[in-house]
Amino acid sequence: YVDDMLITGTNGEVILKIRKELERNFELSYLGEPKKFLGMKIEQDVDGQVLVLHQMDFVESLVQKYQFGKERKVATPMVLSEASEGNANIFGYEKYSFREIIGKLLFLTTMTRLDIAYAVNVLARNQSSPGVQEWMKLKRVLNYLRGTKQLGLTYRGKESGIKAMLMQALRQTKLIGNQLQDF
């Protein structure tokens, strides 16, 4: 039986103590600093106290599998007005399972892509019998992901709590907004 586990914390002594306790009860292999875990890529800058988690490879494979042609990238995963979506062509989507795609999007939202959580929640409400509008909304989420696949979660150690998270979100939103103006 094999299972993966990460032990993280701010106190190296406590981490080492936990590891030694686990080693007394289980056969363990220490693989060094994690680079990937449960489909997430882990990038660390210990000196700068920055940890970045992203799923760019997963997003890329998802978008490639379910996209048809060169769709335009969009700045948001959802719009409030149905009229702004236009008459999108969903021909060909019938061969895919709406539930399958929603499941993959839910995986993304629980790991690193909180920005699509509301849109995916709305889509999941109609997964038993999706209509044209639901497929169009799903297509928009995929187009959004295609344009923002590099996004993930960034944790900084120097700033404190909510302020640090809010400032990072605002920086990323401004960056994304500037990048997507060209699309």
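Here is a short report on the structure shown in this document. Not measured: the values here are computed from a predicted model.

Here we take up the overall build of the chain. Broken down by element type, the chain carries six helices and four strands. Helices and strands in the chain line up, N terminus first, as α-β-β-β-α-α-α-α-β-α. Across the 183 residues in the chain, those meeting the buried criterion constitute 30%. Within the chain, residue pairs in contact and separated by at least 24 positions form 71% of the contacts whose partners lie at least 6 positions apart. Summing over all exposed atoms, the chain offers an accessible surface of approximately 12400 Å²; the carbon and sulfur share of this is 55%.

Counting across every chain of the model gives seven salt bridges. Arg24 serves as the salt-bridge partner of Glu21, at 2.3 Å between the closest nitrogen and oxygen. In this pair, Glu21 and Arg24 are both assigned in helix α1 (residues 12-25), three residues apart and thus about one turn of the helix distant. In this structure, the salt-bridge partner of Asp115 is Arg113, at a minimum N-O distance of 2.8 Å. By relative accessible area, Asp115 is classed as partly exposed at 31%. Salt bridges here are not isolated pairs; linked through shared partners, they connect Lys65, Glu100 and Lys104.

Here we take up the packing of aromatic side chains. Evaluation of the coordinates by the stated rule reveals two aromatic pairs. Each ring, one from Phe58 and one from Phe107, has its centre 5.3 Å from the other, and the planes form 70°; the classification is edge-to-face. Here the residue Phe58 occupies a position in helix α2 (residues 56-66), and Phe107 occupies one in helix α3 (residues 98-111), the gap between them amounting to 49 residues. Here the aromatic rings of Phe98 and Trp135 are separated by 5.0 Å at their centres, their planes lie at 80°, and the arrangement is edge-to-face. Here the residue Phe98 occupies a position in helix α3, and Trp135 occupies one in helix α5 (residues 132-147), the gap between them amounting to 37 residues. Grouping residues by exposure puts Phe98 and Trp135 together as buried.

So, about helix α4 (residues 117-124). Structural remark: α-helix, 3.6 residues per turn; residues separated by three or four positions point the same way. Buried residues of α4: Ala119, Val120, Val122, Leu123 and Ala124, and no others. Its buried side turned inward, α4 meets α3 and α5.

In a pair of packed helices, the angle between the axes and the distance between the axes together describe the arrangement. The interhelical angle for the contact between α2 and α5, taken along N-to-C directions, is 135°, at an axis separation of 9 Å. Classified by the angle their axes make, α2 and α5 are oblique. As α2 runs across α5, the sense of the crossing is left-handed. Packed against α2, whose contacting residues are Val59, Leu62, Val63 and Tyr66, the element α5 presents Leu142, Leu145 and Arg146 at the interface. Residues that form the contact of α2 with α5 fall into these classes: six nonpolar, no polar and one charged.

Reading the values: the criteria
- Residues numbered from 1 in each chain as written.
- Predicted model: local features only at pLDDT ≥ 70, side-chain atom pairs only at ≥ 80, totals over all residues.
- Heavy atoms only, no water.
- Helix = DSSP H or I, 4+ residues; strand = E, 2+ residues; numbered from the N terminus.
- Buried < 20%, exposed > 50% of the residue type's maximum accessible area, 1.4 Å probe, protein only.
- Contact = heavy atoms within 4.5 Å.
- Areas by Shrake-Rupley, 256 points an atom, 1.4 Å probe, with all protein chains shown as cover.
- Salt bridge = Lys/Arg side-chain N within 4 Å of Asp/Glu carboxyl O.
- Phe/Tyr/Trp six-rings, centres within 6.5 Å; stacked < 30°, edge-to-face > 60°.
- Axes fitted to C-alpha atoms, helices over the stretch in contact; angles between N-to-C directions.
- Parallel < 35°, antiparallel > 145°, perpendicular 65-115°, else oblique.
- Left-handed = near helix turned anticlockwise from the far one by under 90°.
- Nonpolar A, V, L, I, M, F, W, Y, C, P; charged D, E, K, R; others polar.

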